[in-house]
Amino acid sequence: MKKNRFFSLLLAAALALSLSVPAMALDDPQPNCSAAILVDGDHGEVLYEQNGYERIYPASITKIMTSLVVLEAIEAGELSLDDQITASQQAVTLPEGSSNANPPIQAGEILTVEQLLYCDLLPSANEACNILAEAVAGSNEAFVERMNAKAQELGMENTHFTNPHGLHDPDHYTTAYEIYVMAQAAMEHELFRTIVSTPTYTIPATNMNEERVLHSTNGLISNWYVIGNTYSKAIGIKTGSTGEAGRCVAAAAVDEEGRTFYCVILGSEVADTEQGNRFAEASRLLEWGFDNFQRTTLLDENTEDVIREVAVTLSDETDFVLAQPVGSIEATMPTDYDPAQAELVIDLPQSIEAPVTAGQELGTISLVYDGVTYGTLPMVAADSVVRSDFLYTVQVIQEYWSHWWVKALVILTVVLILALILYLALIRPRRRRGGRRYSYSGSGRRRTTTTYRGRRRK
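The structure contained in this document is the topic of the report that follows. Everything numeric in this text was worked out from a predicted model, so none of it was measured.

Conventions used here
Residues numbered from 1 in each chain as written. Predicted model: local features only at pLDDT ≥ 70, side-chain atom pairs only at ≥ 80, totals over all residues. Heavy atoms only, no water. Helix = DSSP H or I, 4+ residues; strand = E, 2+ residues; numbered from the N terminus. Buried < 20%, exposed > 50% of the residue type's maximum accessible area, 1.4 Å probe, protein only. Contact = heavy atoms within 4.5 Å. Areas by Shrake-Rupley, 256 points an atom, 1.4 Å probe, with all protein chains shown as cover. Phe/Tyr/Trp six-rings, centres within 6.5 Å; stacked < 30°, edge-to-face > 60°. Pairing = 2+ DSSP bridges. Axes fitted to C-alpha atoms, helices over the stretch in contact; angles between N-to-C directions. Parallel < 35°, antiparallel > 145°, perpendicular 65-115°, else oblique. Nonpolar A, V, L, I, M, F, W, Y, C, P; charged D, E, K, R; others polar. Polar contact = N/O pair within 3.5 Å; in protein donor to acceptor, adjacent residues only side chain to side chain. Salt bridge = Lys/Arg side-chain N within 4 Å of Asp/Glu carboxyl O.

Details of the overall build of the protein
Next up, step 1: Counting its secondary structure elements, the protein contains 11 helices and 19 strands.
Next up, step 2: Counting over 458 residues, the protein shows a buried share of 42%.
Next up, step 3: Considering only residue pairs separated by 6 or more positions, the protein has 64% of its internal contacts joining residues 24 or more positions apart.
Next up, step 4: With an accessible surface of roughly 25900 Å², the protein has 51% of that area assigned to carbon and sulfur atoms.

What follows is the structure in structure tokens.
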């Protein structure tokens, strides 16, 4: 008996301990860089961030915005992909060490807008960005104004551009999250998606150069510049590198289920040939996201323990109506998500007056998990409730009586009535007794008797 009691107590203690321990959190991937972010691109939900909202230099990742502005100018009819653009001397004059179309585009060389976009996004040619900027806006300065205007339109409040290529400038900055924002916007354009997912592209001979073979600088989709970092799920996007910005990459990937995740790695100090470089960190963070997150329905009308009773007044049919949520709350959640740890925050009135219509919104319900509110749904009436005319009339009378001026008016009326009664009962009869008296003789003549209460004459 004692032995059984011991095991019972042990089991109870173990059960209590298991209920008190919170759900295990995911391991922090801790990417080796200054800033990083991982986003569910299908739903715009941030899954992981490390200094993801801090201002940082983007280097050539800037060219995502450059390409986006050009593509929108094409859609607006300002130019076309087949337009032939002649490179100016100013556009091809670059600081030493700048990335170029290899060989560099020369002054007077003619390329199409489409070819310049490939030069911009694959080998990250700075001169191609300048040529495109002049073709769209007439000058780099005017084009940069468009870049900043587009950034504001996208809600990129912590972004400012000073050039179209990303060469270092202290006033040229953005954040990991806002790089995702512009990358996602650019990926909505089919041509952009095609270019950034292309490992190699050939430009036929021009008026000043022989055939060019362009190779992507993105080690996630190409082995040309660095070997051993390709990632089978990768679909682009863009790299960047300066001394001040470090090595950077914005990447997107699609898994077997069709989910699209975006990853941004900024400020890596590891060489691309070494373990833990920007490409390895990007693929590791993306794979971590695919392995540890899934789309989950957190709350809907079928969720247990979400129906509530709300008291109903002014009805002789029922004392309450049921309130239930409408719609669903979904989120990309960690695979260790524990519904038992979720908190339901329900905001409903203590009572509601009839009539109530089925589907009428009565309040809200929110789901909070690990301190984060994942969504809010309306709570609506499940049935209709008819109002009692008698109870409503009683309430109207009670409400009117609750006003001081109504009470004052009633009291004044009563006083006036009492005064009138007093006047009729006491004061008016006295006046009748003190007046003239009339009598009639038998002959039919009227005789008048006047009572005089004054002094007699002597």
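With respect to unusual backbone geometry
Next up, step 1: Residue Asn 102 is joined to Pro 103 through a cis peptide bond whose omega torsion reads 0 degrees.
Next up, step 2: With respect to the helices and strands, Pro 103 occurs in the loop between helix H3 (89-92) and strand S4 (110-112).
Next up, step 3: Between Ala 354 and Pro 355 the backbone carries a cis peptide bond, its omega angle lying at 10 degrees.
Next up, step 4: If you trace the backbone, Pro 355 turns up in the loop between strand S15 (351-353) and strand S16 (361-369).
Next up, step 5: A positive phi angle is found at Ala 59, which is not glycine, with a value near 55 degrees.
Next up, step 6: As for its placement among the helices and strands, Ala 59 is situated in the loop between strand S2 (45-50) and helix H2 (63-75).
Next up, step 7: On the accessibility criterion, Ala 59 (1% relative accessible area) is buried.
Next up, step 8: The phi dihedral of Asp 370 falls on the positive side, at around 55 degrees, and the residue is not glycine.
Next up, step 9: Inspection of the secondary structure assignment puts Asp 370 in the loop between S16 and strand S17 (372-381).

A word on the packing of aromatic side chains
Next up, step 1: One pass over the structure, following the stated rule, counts 8 aromatic pairs.
Next up, step 2: Taken together, a centroid distance of 5.4 Å and an interplanar angle of 35 degrees make the contact between Tyr 53 and Tyr 177 tilted. Taken together, the positions of Tyr 53 in the loop between S2 and H2 and Tyr 177 in helix H7 (residues 176-186) put the pair 124 residues apart, joining distant regions of the chain.
Next up, step 3: Residue classification places Tyr 53 among the partly exposed residues on the basis of a relative accessible area of 43%.

Structural notes on the sheet that holds strand S1 (residues 35-40)
Next up, step 1: With respect to topology, 5 strands assemble into an open sheet ordered S2-S1-S9-S8-S7, the strand pairing being antiparallel. Two strands bound the open sheet, and with one partner strand each, they are S2 and strand S7 (234-242). Averaged over all pairs of adjacent strands, the angle between strand axes in this sheet comes to 10 degrees, irrespective of strand direction.
Next up, step 2: Pairing between S1 and S2: 5 bridges, direction antiparallel. Bridge assignment links Ala 36 to a residue of S2, and that residue is Gln 50.

Description of the packing of H2 against helix H6 (residues 140-153)
Next up, step 1: Direction vectors running N to C along H2 and H6 enclose 95 degrees, while the axes themselves pass 10 Å from each other. Taken together, the axis directions place H2 and H6 in an arrangement best described as roughly perpendicular. On the side of H2, the interface is formed by Met 65, Thr 66, Leu 68, Val 69, Val 70, Glu 72 and Ala 73, while H6 contributes Phe 143, Arg 146, Met 147, Lys 150 and Ala 151.
Next up, step 2: Residue classes in the contact of H2 with H6 are distributed as 8 nonpolar, 1 polar and 3 charged.

Looking at the sheet that holds S16
Next up, step 1: The strand order across the open sheet formed by 6 strands is S14-S16-S17-S12-S11-S15, and the pairing between neighbours is mixed. Looking at the sheet topology across the chains shown, the edges are occupied by strand S14 (343-347) and S15. Ignoring strand direction, the axes of neighbouring strands in this sheet form an average angle of 35 degrees.
Next up, step 2: Bridge count between strand S11 (residues 308-313) and S15: 3 bridges; the pairing is parallel. Bridged to Thr 313 within S15 is Glu 353.

With respect to the side chain of Ser 283
Next up, step 1: Positionally, Ser 283 belongs in helix H9 (residues 278-292).
Next up, step 2: According to the relative accessible area criterion, Ser 283 is buried, its value standing at 16%.
Next up, step 3: A polar contact is formed between the side chain of Ser 283 and the backbone oxygen of Ala 280, at a distance of 3.1 Å.
Next up, step 4: Beyond its immediate chain neighbours, meaning those up to four positions away, Ser 283 contacts Leu 220 and Tyr 231.

Points about the pattern of salt bridges
Next up, step 1: In total, this model carries 11 salt bridges according to the counting rule given.
Next up, step 2: Among the salt bridges present, the one from Arg 146 reaches Glu 78, with a minimum N-O distance of 2.9 Å. With Arg 146 in helix H6 and Glu 78 in the loop between H2 and strand S3 (84-86), this residue pair connects regions lying 68 residues apart in the sequence.
Next up, step 3: Judged by relative accessible area, Arg 146 falls into the partly exposed class, the value being 32%.
Next up, step 4: Classification of Glu 78 by relative accessible area gives partly exposed; the value is 42%.
Next up, step 5: Across the salt bridge formed by Glu 153 and Lys 150, the nearest N and O atoms sit 3.0 Å from each other. Taken as a pair, Glu 153 and Lys 150 lie in helix H6 at a separation of 3 residues, close to a single helical turn.
Next up, step 6: A cluster of three or more residues bridged by salt bridges with shared partners is formed by Glu 72, Lys 150 and Glu 153.

Notes on the environment of Lys 238
Next up, step 1: Note that Lys 238 resides in strand S7.
Next up, step 2: Separated by 12 residues in sequence, Lys 238 and Ala 250 have C-alpha atoms that sit 5.4 Å apart.
Next up, step 3: Here Lys 238 is in contact with Ser 60, Ile 61, Lys 63, Ile 64, Asp 120, Leu 121, Ser 124, Thr 217, Asn 218, Val 249 and Ala 250, once residues within four sequence places are set aside.

Considerations on H7
Because the α-helix completes a turn every 3.6 residues, residues three or four places apart line up on one side.
Next up, step 1: Summarising burial for H7: 9 of the 11 residues are buried, a large majority.
Next up, step 2: In this structure, the buried residues of H7 make contact with S1, H2, helix H8 (190-196), S7, strand S8 (246-254) and strand S9 (260-268).

Overview of the side chain of Thr 175
Next up, step 1: Note on placement: Thr 175 falls in the loop between H6 and H7.
Next up, step 2: We classify Thr 175 as buried; its relative accessible area is 1%.
Next up, step 3: Within the structure, Thr 175 has its side chain in polar contact with the backbone nitrogen of Glu 178 (distance 3.0 Å).
Next up, step 4: In contact with Thr 175, other than residues within four places in its own chain, are Gly 52, Tyr 53, Glu 54, Arg 55, Asn 158, Thr 159 and Leu 266.

Keep in mind these values describe shape, not function.
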